[in-house]
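Observations on chain architecture
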Amino acid sequence: NNGQASLPSAYYFNPLPVVSSISPTSGDWRGNTIIQVRGSGFLVSGTTEVWFGTRRSLAVSVKGDTLLTCRTPAGTPGQTVDVFVRNENGEGQLLAAYAYSADLSLSDAEPDHASALGGTEILLTGTSFGATTPSVTFGGVSATSVTLLGATSVRCTVPAGTPGASVDVVLTNGTGSATLPGFRYH
């Protein structure tokens, strides 16, 4: 009866959290990898949680509305999981965003023998070879022409060795080394 009054821009609706990217996108299956999560809607007065699949990060630090950091919980080796950010306004997700790396392993050499003169090209297979070309040695001598074919295979050329010897093949990358015993020189 007395008219109308208004206060422009007096109330703010907090947006839902949105997850646009994470970095890095993979890490040790044992957890404790520091992750940067980018997006929006992170800055709220309540608790913010980050989930990797069904496991919650125990160390979340909101840096601003578009950035937070956290430490990954332990996961299953070789598994890729969704990442969720949850706060009092809702939930944002990034599907298939984080891969838990399996332990570095070297399981097979094909063929598993070569001439002592060297020069034989072989295929090594295993797990978690990484994204950069590893180094490979045969009995402590470096292989040549090492080519990373993927996270589970490497092609290389066998160096010369001692005739009749059985040696270890060692693959080394940024996360460690894996050994395959019993490679034979003719």
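Heads up: the structure comes first, above all this text.
Residue numbers here run from 1 along each chain, matching the order of that chain's written sequence. In keeping with the model being predicted, local features are shown solely for residues with a pLDDT of at least 70 and side-chain atom pairs are shown and tallied solely at 80 or more, while totals for entire chains, interfaces and linings include all residues. The side-chain values count all of the structure's non-hydrogen atoms but skip hydrogen atoms and water molecules.

1. A closer look at the pattern of salt bridges
Close approach of charged atoms lets side chains of opposite charge pair. What counts as a salt bridge is simple: a side-chain nitrogen of Lys or Arg found within 4 Å of a carboxyl oxygen of Asp or Glu. Under the definition given, this model contains 5 salt bridges. Between D103 and R30 there is a salt bridge, with its nearest N and O atoms 2.8 Å apart. You can see D103 sitting in the loop between β9 (90-101) and β10 (105-110) and its partner R30 sitting in the loop between β2 (26-28) and β3 (34-40), a full 73 residues away along the chain. Of the charged contacts in the structure, one is a salt bridge between R86 and E91, with a shortest N-O distance of 2.3 Å. Note on exposure labels: buried denotes an accessible area under 20% of the residue type's maximum, exposed denotes more than 50%, and partly exposed covers the range between, all computed with a 1.4 Å probe on protein chains only. According to the relative accessible area criterion, R86 is partly exposed, its value standing at 28%. One salt-bridge network, held together by shared partners, links D28, R30 and D103. Here a strand is any run of E in DSSP of at least two residues, a helix any run of H or I of at least four, and the numbering for each starts at the N terminus.

2. Considering the pairing of β9
As judged from the 3 bridges shared by β2 and β9, these two strands associate in the parallel manner. Looking across to β9, one finds that G27 is bridged to Y100. Across 7 bridges, strand β8 (residues 80-87) lies against β9 in antiparallel orientation. Pairing of T80 across the sheet is with A99, part of β9. The loop that links β8 with its antiparallel partner β9 comprises 2 residues. Only strands joined by at least two bridges in the DSSP assignment are considered to pair.

Any functional reading would require information beyond the geometric quantities listed.
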